[in-house]
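Read off the chains here:
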Amino acid sequence: MKRYLLAAAALATIPHAATAADLIKTPAAAARPPHRLSEAPIYQNPVYKGRVAVMDGRTLWYPQYAQRVRLVEIDACELPQWAIDPKWVDRERQKAPSPVPCGPLAKAWLKRTIGSRPIECTVIAYGNDGIPQARCTSAGRDIAVEMLRVGWARVASPYSYNSQYLVYQQHAMAARYGMWATYVLDMNEWRRKAVDKTLDRQPIADFNLLVEREREISPPFIDARKKPKRTDR
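So, a few notes on the structure that sits alongside this text. (Residues numbered from 1 in each chain as written. Predicted model: local features only at pLDDT ≥ 70, side-chain atom pairs only at ≥ 80, totals over all residues. Heavy atoms only, no water.)

What to know about the overall build of the protein
Applicable threshold: Strands are runs of DSSP state E lasting at least two residues, helices are runs of H or I lasting at least four, and both sets are numbered from the N terminus onward. Relative accessibility under 20% of the residue-type maximum defines a buried residue, over 50% an exposed one, and the middle range a partly exposed one, all with a 1.4 Å probe and only protein chains included. In what follows, a contact means two residues having at least one pair of non-hydrogen atoms within 4.5 Å. Using a 1.4 Å probe, accessible areas were evaluated by the Shrake-Rupley method; residue-level cover was limited to the displayed protein chains.
Scanning the protein from terminus to terminus reveals nine helices and eleven strands. Of all 233 residues assigned to the protein, the portion counted as buried reaches 34%. For the protein, long-range pairs separated by at least 24 residues make up 59% of all intrachain contacts whose partners lie at least 6 apart in sequence. In the structure as shown, the protein presents an accessible area of about 15500 Å², 56% of it carried by carbon and sulfur atoms.

In structure tokens:
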């Protein structure tokens, strides 16, 4: 009797003690130590897969999820945003330089890059507006790289740690591809200052913003600041 009481007391001290039936049927499970909080499974970032619609030069729409996704670490002209062609040659016939639809061209190139192929987007972060920012690939290609390569997007932050993105941007800038061949206002400044953000926005509105710009991102602006010397003195 005394031996039975000692055995019962010892069994009571074992946390979540298994029954004799458990020990017989699943001895390994019964011997496993209790589950610790630190061993909880780590869930991966959300991943969206499927065909998409292109909303602008950096935003995709997954109809099956009713979800917008932005390409992480890059920025592009908004749809109503205009740029200006610096090649203003015939100033007698042409009163102002030609406008360039920077936003629609960025969207068009993103559509061309994607085509009808399914896109996989892995969420990296969330913007202030709650929209997921993701690394998106098409047939193994990073879509953001394609946009930077042709100059219709820029690295979102000048302090980006992504050296690959910076290399593609520098190449596009040197070659004057895409928006780097235009006068274009920094996108963040445009979003802050543009009053009319509808698709009916006129080019003159962005021309006026460029005149009073705080920050410039296009190399041609450097050329424009070099005023020609007067020879009629």
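A closer look at the packing of aromatic side chains
As a reminder of what qualifies: Only Phe, Tyr and Trp rings take part, Trp by its six-membered ring, and two of them pair if their centres are within 6.5 Å. Stacked means planes under 30 degrees apart, edge-to-face means over 60, and tilted covers everything else. Definition used: whenever NZ (Lys) or CZ (Arg) falls within 6 Å of the ring centre and also within 35 degrees of the ring normal, the charge is taken to sit over that ring.
Within this structure, the stated rule accounts for three aromatic pairs. Between Tyr48 and Tyr65 the ring centres are 5.1 Å apart and the planes differ by 65°, which places this aromatic pair in the edge-to-face class. In this pair, Tyr48 sits in strand β1 (residues 47-50) while Tyr65 sits in the loop between β3 (59-62) and β4 (67-71), placing the two residues 17 residues apart along the sequence. The class of Tyr48 is buried, set by a relative accessible area of 14%. Relative accessible area serves as the criterion here: at 38%, Tyr65 is assigned to the partly exposed category. Among the aromatic residues, those joined into a cluster by ring pairs are Tyr48, Tyr62 and Tyr65. Just above the ring of Trp190 sits the side chain of Lys197; from NZ or CZ to the centre is 5.9 Å.

Notes on helix α6 (residues 163-175)
The cut-off we apply is this: In this analysis, the expected span of each helix is defined as 1.5 Å times one less than the number of residues it contains.
Over its 13 residues, α6 runs 18 Å from end to end, which matches the ideal 18 Å to within 8%, given 1.5 Å per residue. On its buried face, α6 sits against β5 (74-75), β9 (132-138), β10 (141-142), α5 (143-149) and β11 (154-155).

Digging into the state of the cysteines
Our working definition: Any two cysteine sulfur atoms within 2.5 Å of one another count as a disulfide.
Applying the stated criterion across every chain yields a total of two disulfides. Paired by a disulfide, Cys77 and Cys102 hold their sulfur atoms 1.9 Å apart. Torsion about the S-S bond of the Cys77 and Cys102 cystine: about 70°, corresponding to right-handed handedness. A residue pair is termed long-range when its members are at least 10 positions apart, and Cys77 in the loop between β5 and β6 (83-84) and Cys102 in helix α4 (residues 102-114) qualify at 25 residues. Both residues of the pair, Cys77 and Cys102, count as buried. Here the bonded cysteines of the protein are numbered in sequence order, and their pairing is 1-2, 3-4.

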